[in-house]
Amino acid sequence: MLMEAILIALWAGIIGIDLYVGLTHIHRPVVTGLVVGLILGDVTTGLIVGGTLELIWMGMVPLAGAQPPNVVIGGVIGTAFGIIAGEDPQAAVGIAIPFAVAVQGLITLFFTAFAPMMHKADQFALDANYRGIEGINYLGISILFIFNALIAFLPIFFGAEQAAAYVETVPQWIIDGLSIAGGIMPAIGFAMLLKIMMKVEYVMFFIVGFVLAAYLEMPILAIALIGLAIALYDFYQNKNKQGPDNQAPREEEITDGI
């Protein structure tokens, strides 16, 4: 388990940087589920748990100073414990969220403590000391890497097997409660996402998708392809309607929705 814990810690450190610096979106739970699944030898469970966690964090976006639960540690710990403890994805969600909330609080504390370095960077800028500014940036990145790696390593290495044994002794009603809470979380994530991007003229497509899934029992992939076809049709129709002098989007289209 030592080697697996080290590899997962390295991955957590890398995506912890990506969350704030790289922004290549490899920090998303659906990617973490694949990587952690490969490390622990259970890609199927990793993808299932990662996909379930992705549904939750899809609607959790930072708004001004308010930050959502930490997606990096939530994805890593939730997937790892889901695989090691052999629990269903919904119960893994119940494990991931408390870790994610606690770590985000620590991240906020770290940012607060690091804030005075901004004044130091301003002074370096006035002195044209670009190497000093580089040093501050690399310091922040290094601290993020070490912090996320340690937070991921410690519970997996010291607590994963104990967690698996503990889960077997946990009363079934607690496991059922975690499963119910985990099942609700994706719905909340989607609701938050729809609140941001839903327009009145798009409600008809939402209803059609619901009917296809709930009553016709079509697979998700088929519904997604239908949605893609509609989106492409709408995109090219609007593109053809625009004249050569009207290529820029209107202000209403920029501010209303995504």
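Residues numbered from 1 in each chain as written. Predicted model: local features only at pLDDT ≥ 70, side-chain atom pairs only at ≥ 80, totals over all residues. Heavy atoms only, no water.

With respect to the overall build of the protein
Move 1: A count of helical and extended segments in the protein gives 11 helices and zero strands.
Move 2: Walking the protein from its N terminus toward its C terminus, one meets helices and strands in the order α-α-α-α-α-α-α-α-α-α-α.
Move 3: In the protein, buried positions account for 32% of the 258 residues.
Move 4: Considering only contacts within the protein whose residues lie at least 6 apart along the sequence, 74% involve residues at least 24 apart. (Helix = DSSP H or I, 4+ residues; strand = E, 2+ residues; numbered from the N terminus. Buried < 20%, exposed > 50% of the residue type's maximum accessible area, 1.4 Å probe, protein only. Contact = heavy atoms within 4.5 Å.)

Structural notes on the packing of aromatic side chains
Move 1: This structure, assessed with the given rule, holds four aromatic pairs.
Move 2: Centroid distance Phe 153 to Phe 157: 5.2 Å. Interplanar angle 15°. Geometry classified as stacked. Placement of the pair is Phe 153 and Phe 157 together in helix H7 (residues 130-169), with a separation of four residues, close to one helical turn.
Move 3: Judged by relative accessible area, Phe 153 falls into the buried class, the value being 18%.
Move 4: Each ring, one from Phe 235 and one from Tyr 236, has its centre 5.1 Å from the other, and the planes form 75°; the classification is edge-to-face. (Phe/Tyr/Trp six-rings, centres within 6.5 Å; stacked < 30°, edge-to-face > 60°.)

Side note on the packing of helix H3 (residues 43-57) against helix H4 (residues 71-84)
The angle between the axes and the distance between the axes are what describe a pair of packed helices.
Move 1: Viewed as axis vectors pointing N to C, H3 and H4 meet at an angle of 145°, and their least axial separation amounts to 9 Å. Relative to H4, H3 is oriented so that their crossing is right-handed. For the pair H3 and H4, contact is made by Thr 45, Gly 46, Val 49, Gly 50, Leu 53 and Trp 57 and by Val 71, Gly 74, Gly 75, Gly 78, Thr 79, Gly 82 and Ile 83, respectively.
Move 2: In terms of residue class, the contact of H3 with H4 is built from five nonpolar, eight polar and no charged. (Axes fitted to C-alpha atoms, helices over the stretch in contact; angles between N-to-C directions. Left-handed = near helix turned anticlockwise from the far one by under 90°. Nonpolar A, V, L, I, M, F, W, Y, C, P; charged D, E, K, R; others polar.)

Some remarks on unusual backbone geometry
Move 1: A positive phi is found at His 25, a non-glycine position, where the angle reads about 65°.
Move 2: Here His 25 lies in the loop between helix H1 (2-22) and helix H2 (29-40).

Some thoughts on the side chain of Thr 79
Move 1: Inspection of the secondary structure puts Thr 79 in helix H4.
Move 2: Judged by relative accessible area, which is 0%, Thr 79 ranks as buried.
Move 3: Ignoring any residue separated from it by four or fewer positions in sequence, one finds Thr 79 in contact with Gly 33, Val 36, Gly 46, Val 49, Gly 50 and Leu 53.

Side note on the UniProt feature "transmembrane region" (unreviewed entry) in the protein
Move 1: When the UniProt feature table is mapped onto this chain numbering, "transmembrane region" (unreviewed entry) sits at residues 7-27, 33-57, 69-86, 92-115, 136-158, 170-193 and 205-233.
Move 2: For residues 69-86, helix accounts for 78% and strand for 0%, while the C-alpha atoms at its two ends are 24 Å apart.
Move 3: The annotated region residues 205-233 carries 83% helix and 0% strand content, and the separation between its end C-alpha atoms amounts to 13 Å. (UniProt positions renumbered as here; feature names shortened; annotations may be inferred.)

Describing H2
Move 1: Taking 1.5 Å as the rise per residue, H2 with 12 residues should run 16 Å; its terminal C-alpha atoms sit 16 Å apart, in good agreement.
Move 2: Gly 41, located one to two residues past H2, shows a positive phi value of around 80°. (Expected span 1.5 Å × (residues − 1).)

Some details on the nonpolar core
Move 1: The biggest cluster of nonpolar side chains holds 35 residues, and the ones touching the most others in it are Leu 53, Ile 56, Trp 57, Val 76 and Ile 156.
Move 2: Of all the elements in the fold, those that place two or more residues in this core are H1, H2, H3, H4, helix H5 (89-114) and H7.
Move 3: Sorting elements by how many residues they give to this core places H5 first, with nine residues. (Core = buried A, V, L, I, M, F, W, Y, C linked by side-chain atoms within 4.5 Å.)

Topic: the environment of Ile 151
Move 1: Following the sequence through the fold, Ile 151 ends up in helix H7.
Move 2: Spatially, the C-alpha atoms of Ile 151 and Val 76 are 9.9 Å apart, while their sequence positions differ by 75 residues.
Move 3: If we skip the residues at most four places from it in the chain, Ile 151 touches Ile 73, Ile 77 and Val 103.

Quick word on the pattern of salt bridges
Move 1: This model, assessed by the stated rule, comprises one salt bridge.
Move 2: Between Arg 28 and Glu 54 there is a salt bridge, with the nearest N and O atoms lying 3.0 Å from each other. Here Glu 54 lies in helix H3 and Arg 28 lies in the loop between H1 and H2, a separation of 26 residues in the sequence. As far as burial versus exposure is concerned, Arg 28 and Glu 54 are alike and both buried. (Salt bridge = Lys/Arg side-chain N within 4 Å of Asp/Glu carboxyl O.)

Some thoughts on the side chain of Thr 32
Move 1: With respect to the secondary-structure elements, Thr 32 resides in helix H2.
Move 2: Overall, Thr 32 belongs to the buried group, its relative accessible area being 0%.

Brief notes about the packing of H2 against H4
Move 1: Running from amino to carboxyl end, H2 crosses H4 at an angle of 40°, the nearest separation of the two axes being 9 Å. One way to sum up the angle between H2 and H4 is to call them oblique. The handedness of the crossing between H2 and H4 is right-handed. Every residue of H4 that contacts H2 at Pro 29, Thr 32, Gly 33, Val 36, Gly 37 and Leu 40 is listed here: Val 71, Gly 75, Val 76, Thr 79, Ala 80, Ile 83 and Ile 84.
Move 2: Here the residues of the contact of H2 with H4 are counted per class, giving eight nonpolar, five polar and no charged. (Parallel < 35°, antiparallel > 145°, perpendicular 65-115°, else oblique.)

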